[in-house]
Structure formats: structure tokens, C-alpha cells
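Here's the letter readout for the chains.
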Amino acid sequence: MEWIKLIGIAIIVVGFIYKLDTIATVVLASLVTALVSGVSLVEFLEILGREFSNQRVLTIFMVTLPLVGLSETFGLKQRSIDLIQKIKGLTVGSFYTIYFFFRELDGFFAIRLGGQPQFVRPLVQPMGQAAAESQLGRKLTEQESEALKARAAANDNFANFFAQNTFVGAGGVLLVGGTLDQLGYESNYAGIASASLIVAGVALLVVGLYNYLFDRKLLANKLSKGKDE
């Protein structure tokens, strides 16, 4: 009956299928798994509390949520949009490429701007939309707006993924170097970070082209709509 210990997986799958509360589903799955595995309720609560305490750094992002709310309340989003609209000739593609560059730069200095909910969604995406509306001279359609949201998130993910190891003390660099040490190879942490810099540079060129082609696509849509009118 060892298979019964896998019941927690089934509970999680069912919970996700029926869109139940994620935290409650995971805790319930953990509790059931513990009980069928012979772990007492007290032991389970001790393990849960200890692991939550050990991983509490993962919940630090919650501290930023009130800051995002206050920024929205006092008009940071609108001020950012106004700033973008005043920059003549700025396209949405060039704006996202500039953001990509600074996102890579903050990775090099081990600075974290925030992430999707704290920074991209409330600031970067609206600024990109303002640039696109100035570029097109009209409001965006729902389809175009959704495409911009996806592109803002993609640029942030690309920059974070390809530039996160450009800092010598980054977790990925330490992991690779430590693994090489364990396998008996001579690790060079600075060399790993230097190789990551090359990757980050290539990524900047590729994403810059990716955003440029998106600008061309928007311009083509603008011209075609103008002819239709």
C-alpha cells in the first residue's frame, strides 16, 4: 500500500482542476500525505512551521504589495504614462528594448526591480501602451493591448533569465561553480559570469530585433487601417 502515500498528488490535481484555494489545497494535500505516512498531527505542524520559518525569505515580496498600492493611489502610473507620451518618436519596441537593457544591467549589479506584479504590470506595461498609442495616434484594440501585456512580461522574463548569472555572486553562478568543485573540476566563478555576459549581450541583440519587428508590424497595421478609412 505504499502507493497510498501519493494521494497528496491526486488532491493537488483535483484542487487545481476545480480551481480551489491554492494554499488550502497544498496544505490539505500535505496533511493527508503526512497522516497516511504515519506522521502525527503534532509532527506535521512542527514540520510545517519549521519549513515556513526557514523559507520566510520567499514571502518578502508581500512587503512590496502595499508600496504598489500606494504608488497606484498617488498616480505613479499616470505620471509615468504622461512622461512617455511627451517623448517624441519613442516607439513601444524601442521602449521595451531600453527596459530590457536596464533589466539586464540591474541583474549585473545584483539589483532586483521587483517582478511581474510589483513592477511590470503596474508600470512597464502601461508605459509601453502609452508609447504604442502615441505611435499609432489612436487607442489600442483589445487584441493589441493583450499583445503588449504579453510582450512586456516576455521582455522582463528574457532579461531576467539571460542576465541573472552575470553577477559573480549570483545563485546560479555559485551553483554551477559548486557543482564543478564537487565533480573535481577547477571552477572559475568570474569565468562563469563572463560567459553569461556574452549570452546577455546576444540576448539584447536578439530581443532588440524582436521588438523592432514588432514596431514594424504595428506600423503596418496603422497604414492598413489608414487606407481602410
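Quick notes on the rules
- Within each chain, residue numbers correspond to sequence positions counted from 1 in written order.
- At least 70 in pLDDT is required for a residue's local features to be given in this predicted model, at least 80 for side-chain atom pairs to be given and counted, and no such filter applies to totals for whole chains, interfaces and linings, which use all residues.
- To get the side-chain values, take all heavy atoms of the structure and skip hydrogens and water.
- Each helix corresponds to a stretch of at least 4 residues labelled H or I by DSSP, and each strand to a stretch of at least 2 residues labelled E; elements are numbered beginning at the N terminus.
- To sort residues, take the accessible area from a 1.4 Å probe on protein chains only and compare it with the maximum for the residue type: under 20% means buried, over 50% means exposed, and anything in between is partly exposed.
- Contacts are assigned to residue pairs that have any heavy atoms within 4.5 Å of one another.
- Per-residue accessibility takes into account occlusion by the displayed protein chains alone, with areas from the Shrake-Rupley method and a 1.4 Å probe.
- UniProt positions are given in the numbering used here, feature names are shortened, and annotations may be inferred rather than shown by experiment.
- Note on method: axes are straight lines fitted to C-alpha atoms, helices fitted across the in-contact stretch only, with angles between N-to-C directions ranging 0 to 180 degrees.
- For classification purposes, angles smaller than 35 degrees are called roughly parallel, those larger than 145 roughly antiparallel, those between 65 and 115 roughly perpendicular, and all remaining angles oblique.
- Crossing handedness follows the turn of the near helix against the far one: under a right angle anticlockwise gives a left-handed crossing, and clockwise gives a right-handed one.
- Polar here means any residue other than Ala, Val, Leu, Ile, Met, Phe, Trp, Tyr, Cys and Pro, which are nonpolar, and Asp, Glu, Lys and Arg, which are charged; Gly is therefore polar.
- The salt bridge criterion pairs a side-chain nitrogen of Lys or Arg with a carboxyl oxygen of Asp or Glu, the two atoms within 4 Å.
- Side-chain atoms within 4.5 Å are what join buried Ala, Val, Leu, Ile, Met, Phe, Trp, Tyr and Cys residues into a set we call a nonpolar core.
- Polar contacts, as counted here, are pairs of nitrogen or oxygen atoms within 3.5 Å of one another; within protein the pair requires one atom able to donate a hydrogen and one able to accept it, and residues that are adjacent in sequence qualify only if both atoms are side-chain atoms.
- Patch rule: a residue counts if its relative accessible area is over 30% and it has no salt bridge; like charges are joined within 9 Å, and nonpolar side chains (Val, Leu, Ile, Met, Phe, Trp, Tyr) within 5 Å.
- Pairs were defined over the aromatic rings of Phe, Tyr and Trp, the Trp ring being its six-membered one, requiring ring centres within 6.5 Å. Orientation was assigned from the angle between planes: stacked under 30 degrees, edge-to-face over 60, tilted for the rest.
- By definition, being over a ring means that NZ of Lys or CZ of Arg is both within 6 Å of the ring centre and within 35 degrees of the ring normal.

If you look the protein chain up in an unreviewed UniProt entry, it shows as Permease from Streptococcus infantis ATCC 700779.

**Student:** Can you help me understand the overall build of the protein chain in this one?
**Tutor:** What the protein chain contains, in helices and strands, is 10 helices and zero strands. Helices and strands appear in the protein chain in the N-to-C order α-α-α-α-α-α-α-α-α-α. For the protein chain, the proportion of its 229 residues judged to be buried stands at 29%. Counting contacts in the protein chain only where the partners sit at least 6 residues apart, residues at least 24 apart contribute 67% of the total. Carbon and sulfur atoms make up 68% of the accessible area of the protein chain, which totals about 14800 Å².

**Student:** In this structure, what is going on with the UniProt feature "transmembrane region" (unreviewed entry) in the protein chain? I would like to understand it.
**Tutor:** Mapped onto this structure's residue numbering, the UniProt feature "transmembrane region" (unreviewed entry) falls at residues 7-37, 57-76, 158-177 and 189-213. In the segment residues 7-37, helix accounts for 84% and strand for 0%; the C-alpha atoms at its two ends are 10 Å apart.

**Student:** Can you help me understand the packing of helix α7 (residues 116-136) against helix α8 (residues 142-163) in this one?
**Tutor:** The angle between the axes and the distance between the axes are what describe a pair of packed helices. Running from amino to carboxyl end, α7 crosses α8 at an angle of 130°, the nearest separation of the two axes being 9 Å. It follows from the interaxial angle that α7 and α8 lie oblique. In the packing of α7 onto α8, the handedness of the crossing is right-handed. Across the interface between the two elements, Gln-116, Val-120, Arg-121, Val-124, Gln-125, Gly-128, Gln-129, Ala-132 and Leu-136 of α7 pack against Glu-144, Ser-145, Leu-148, Lys-149, Ala-152, Ala-153, Asp-156 and Asn-157 of α8. Each residue belonging to the contact of α7 with α8 can be placed in one class, and the counts come to seven nonpolar, six polar and four charged.

**Student:** Would you mind showing me how to read the pattern of salt bridges here?
**Tutor:** Pairing between side chains becomes possible if they bear opposite charge and their charged atoms approach one another. This model, assessed by the stated rule, comprises five salt bridges. Note that Arg-103 is salt-bridged to Asp-156, the shortest N-O span being 2.7 Å. A residue pair is termed long-range when its members are at least 10 positions apart, and Arg-103 in helix α6 (residues 92-108) and Asp-156 in helix α8 qualify at 53 residues. Across this residue pair, the class does not change: Arg-103 and Asp-156 are buried. Several salt bridges share partner residues, and in doing so they unite Arg-103, Asp-106 and Asp-156 into one network.

**Student:** Sorry if this is basic, but what is going on with the nonpolar core here?
**Tutor:** The nonpolar side chains of soluble globular proteins are, as a tendency, buried together. Core analysis: the biggest nonpolar cluster contains 19 residues, and Ile-84, Val-92, Phe-95, Tyr-96, Val-124 and Leu-148 have the highest contact counts within it. Elements represented by at least two residues in this core include exactly α5 (76-86), α6, α7, α8 and α10 (189-228).

**Student:** For this particular structure, what's the right way to read the side chain of Ser-187?
**Tutor:** Take Ser-187: it is sitting in the loop between α9 (171-182) and α10. Among the polar contacts made by the side chain of Ser-187, one reaches the side chain of Asp-181 at a distance of 2.7 Å. Those residues in contact with Ser-187 that sit more than four places away from it in its chain are Gly-177, Leu-180 and Asp-181.

**Student:** Is there a simple way to explain a nonpolar patch on the surface in this structure?
**Tutor:** Together, Ile-98, Phe-101, Phe-102, Leu-105, Phe-108, Phe-109, Ile-111 and Leu-197 make up a nonpolar patch on the protein surface, roughly 720 Å² of accessible area in all. Sorting elements by how many residues they give to the nonpolar patch places α6 first, with five residues. Classification of Leu-105 as partly exposed rests on a relative accessible area of 32%.

**Student:** Can you walk me through the packing of aromatic side chains in this structure?
**Tutor:** Two aromatic rings are characterised by how far apart their centres lie and by the angle between their planes. Counted by the stated rule, this structure contains five aromatic pairs. Taken together, a centroid distance of 5.0 Å and an interplanar angle of 85° make the contact between Phe-108 and Phe-109 edge-to-face. When the ring of Phe-158 is compared with that of Tyr-210, the centres are 6.1 Å apart and the planes differ by 70°; the resulting orientation is edge-to-face. In this pair, Phe-158 sits in helix α8 while Tyr-210 sits in helix α10, placing the two residues 52 residues apart along the sequence. Accessibility expressed as a relative area gives 29% for Phe-158, which makes it partly exposed. It is Arg-151 that lies over the ring of Tyr-210; its NZ or CZ is 4.0 Å from the centre.

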